[in-house]
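Close look at the chain arrangement
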Amino acid sequence: MPGFSTTAIHTGQEPEKVTGAVTVPIFQSTTYAQHELGEHVKYDYGRTINPTREAWETSISALEHGKYGFAFSSGMSAIAAALSLVKPREHVIAGNDMYGGTYRYFSKLLEPVGIEFSYVDMTRPENVSKAIRPNTRLIYCETPTNPMMSLIDLAAVGQLGRDREVMTVVDNTFATPYLQNPLDRGIDMVLHSVTKYLGGHSDVLGGAIVTSHPDIAEHLKFYQNSYGAVPSPFDCWLLLRSVKTLALRMRAHCENAQILADKLAADGRVKRVYYPGLATHPQHELAVQQMKDFGGMVSVETGSLENARKFTDALRYFTLGESLGGVESLVCHPRTMTHASVPEARRNELGITPGLIRLSVGVEDIGDLTEDIDRGLSAL
Ligand SMILES: Cc1ncc(COP(=O)(O)O)c(C=O)c1O
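Residues numbered from 1 in each chain as written. Predicted model: local features only at pLDDT ≥ 70, side-chain atom pairs only at ≥ 80, totals over all residues.

Relative to each other, helix α10 (residues 246-265) and helix α14 (residues 366-378) sit at 30 degrees, their axes nearing to 10 Å. One element, α10, and the other, α14, form an angle in the roughly parallel class. Note that α10 runs across α14; the crossing there is right-handed. Seen from α10, the contacting residues are Asn256, Ile259, Leu260, Lys263 and Leu264; seen from α14, they are Ile366, Leu369, Thr370 and Ile373. Its residues assigned to classes, the contact of α10 with α14 comprises six nonpolar, two polar and one charged. (Axes fitted to C-alpha atoms, helices over the stretch in contact; angles between N-to-C directions. Helix = DSSP H or I, 4+ residues; strand = E, 2+ residues; numbered from the N terminus. Parallel < 35°, antiparallel > 145°, perpendicular 65-115°, else oblique. Left-handed = near helix turned anticlockwise from the far one by under 90°. Contact = placed C-beta atoms within 7 Å. Nonpolar A, V, L, I, M, F, W, Y, C, P; charged D, E, K, R; others polar.)

Moving on: the site of the ligand. Around the ligand, 15 residues are found, and the nearest of them are Ser74, Gly75, Met76, Ser193 and Thr195. Secondary-structure elements contributing two or more residues to the shell around the ligand are α3 (75-83) and α4 (100-110). Residues belonging to the shell around the ligand are distributed by class as follows: three nonpolar, ten polar and two charged. (Near = placed C-beta within 6 Å.)

Split by domain assignment, the protein resolves into domain 1 (4-243) and domain 2 (246-378). Computed from C-alpha atoms alone, the centre-to-centre distance between domain 1 and domain 2 is 26 Å. In this assembly, 34 residues from domain 1 lie in contact with 35 residues from domain 2. Secondary structure elements with two or more residues in the side of domain 1 that touches domain 2: α1 (4-10), α4, α7 (176-179) and α9 (233-243). (Domains from an automatic or database assignment.)

Turning to the sheet that holds strand β11 (residues 330-332), a few remarks are in order. Pairing between the strands of a sheet comes from backbone hydrogen bonds, and it takes one of two forms, parallel or antiparallel. Overall, mixed pairing links the five strands, which are arranged β8-β9-β12-β11-β10 in an open sheet. Across the chains shown, the open sheet's two edge strands, defined by having one partner strand only, are β8 (272-274) and β10 (319-320). Seen against the sheet, α10 touches β8, β9 (297-301) and β12 (356-360) and runs at an angle of roughly 15 degrees to β9. (Pairing = 2+ DSSP bridges.)

So this is what it looks like as structure tokens:
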């Protein structure tokens, strides 16, 4: 099998057959000529299939070591597609620490129509095992989690799913296929907000799901076409361009994040640093085992809202904003931004405190980022 970057540059992105163009063309057409009535044509209508989207779906499924890839117009629409495999009166086990928008979707839109949820601390696989009921259909998690940077043991969850005949889904947005491939560890579906590292430049919104199960793929294909939340050909083209540099970007994100996490952890002015690459992280060993490196996301407990404000105000290159995974560094305040819709008691229990900030470490020059962090620390 070719290496990661070779796959990212070539799979689905072979030179175009008619002209030899080395970048996949943007097929903007929504409809295709059919030469006679009743003729079966591969390309018929843009919601059902589009050649640029097909190239992107081939690319992401190869990168995630799966057989079938499906592109969606946002991470949330990919999550909705995965959850469409669950019917009312069936049960889902979800991690208690995950993106606030995912929790909002589950609690505000799916629970009211009769889908049952248990939110458990999935850092202990025995908690998942205990939560399984006869009607459990799906186990859903992120790893590393957003924003507490906890790890879930993918092989343990995959095994549990197989043993108990429950489907497993992992949101791999934080790690990307460069750092880990959940399908290789026995997970049934891997999904992404490709808005983040896969897009990588904060200029495209999208989602994706990859699986190797033909029955799940058939459902997802039907759902994608029936529901219609597909990305535009231009967005697919941007993603095809972006993945070619995913390995280069991820190496730089990881290198910069490790340096900043080490620096912050050694500084007495912050209370705690959450980064799987720190030897003090409670699941550092698991991170070494299941990830190639530790990612670009670092969460920091500054101690109070006042400190969080002073720290973020002092930064020059880390822009205060939602989202993550772009080449530019961002800082966010999960309690009031990405996780505002998580109930207060749960936020407190998880550690999403008024003093918590989340850094998406970009690929700028490390000297400039280090100086920026110094500015933040000096303000405390
Ligand atoms: C881990 C994770 N999953 C899913 C999403 C939702 O993705 P999107 O914003 O592309 O709909 C986000 C968004 O921040 C996220 O951080």
